[in-house]
Amino acid sequence: MAEPDIPWMPKIRDTKILTIRNDADVGLWSGLVTAAVPIFNDKIMKALKYNIVTEGKANVIVKVAGAGKDDPKLGATATHGVARRWKGNQGIEEAEIYLPATPWQSHRNVLQMILMHEMAHAAGLEEHASDGVFMTLPNVDQNGNISATKGGRKMPAFFFTNKTITRMRAIW
Ligand SMILES: [Zn+2]
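These numbers come from a predicted model, not from an experiment.

Conventions we followed
- What you see as residue numbers is a count from 1 along each chain, following the sequence as written.
- Per-residue local features are limited, in this predicted model, to residues with pLDDT of at least 70; the limit for side-chain atom pairs, both in listing and counting, is 80 or more; totals at the level of whole chains, interfaces and linings are taken over all residues.
- Note that water and hydrogens are dropped before the side-chain values are worked out from all heavy atoms of the structure.
- Because no water is among the atoms considered, metal sites can look incomplete, with donors defined as N, O and S atoms within 2.8 Å of the metal, or 3.2 Å for Na, K and Ca.
- A helix here means a DSSP run of H or I that spans at least four residues, while a strand means a run of E at least two residues long, and both kinds are numbered starting from the N terminus.
- Here's how the labels work: a residue is buried when its accessible area is under 20% of the maximum for its type, exposed when over 50%, partly exposed in between, all with a 1.4 Å probe on protein chains only.
- Any two strands with at least two DSSP bridges between them are considered paired.

Engineer: Can you explain the coordination of the zinc ion? Please cite residues and give values.
Structural biologist: Coordination sphere of the zinc ion, protein contribution only: His117 (NE2), His121 (NE2) and His128 (NE2), at 2.0 to 2.1 Å. If you list the donors of the zinc ion from N- to C-terminus, the spacing comes out as H-x3-H-x6-H. In this pair, His117 sits in helix H3 (residues 108–122) while His128 sits in the loop between H3 and strand S6 (139–140), placing the two residues 11 residues apart along the sequence. Here His117 falls in the buried class, since its relative accessible area comes to 8%. A relative accessible area of 35% places His128 in the partly exposed class.

Following this line, the structure appears as structure tokens:
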């Protein structure tokens, strides 16, 4: 059975905005949130919008995994991160994105893909798509081009499939 997508609580959903704070602006992840947020916002077709906040409270916090003792374990071969979401009676109340400290592929395209993929989970999506940023297992060539299948549509330019956008609209 497919896991259903999970909406945020109505108070947040009504605004169509998730604030995001970057606690991962270090090492190879430097500048990635700043770069990825406008691309995500554009490609998700106004289903919702991420707004970067530089301090204080935020709906979604981005971290590099490994600093905290309760952080999820991401292996040295990680091509993905983890999105943790805390749910109340009315939906998601807060979320954290953990990025791998030592991703298997460190091409900037791959890092952007990892981050935007987890931003989609943090926004409430569960089951992966067959193509685009929200696919399960990307193929990456030596130039950092990403595709779902050999000969498939290459990223960048990044995209979400129509089905993924429709699902996002359904919970926002
Ligand atoms: Zn995923």
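Picking up where we left off.
Engineer: An account of the pairing of strand S2 (residues 49–53) is needed here, citing residue identities and associated values.
Structural biologist: Strand residues, when the strand is regular, have side chains that alternate between the two faces of the sheet. Alignment of strand S1 (residues 17–22) against S2, held across 5 bridges, turns out to be parallel. Across the sheet, residue Thr19 finds its bridge partner in S2, namely Asn51.

Engineer: So, the environment of Leu137: which residues are in play, and what are the values?
Structural biologist: Within the secondary structure, Leu137 is located in the loop between H3 and S6. Owing to a relative accessible area of 64%, Leu137 belongs among the exposed residues under this scheme. Between the C-alpha atoms of Leu137 and Thr79, which are 58 residues apart in sequence, the distance is 8.3 Å.

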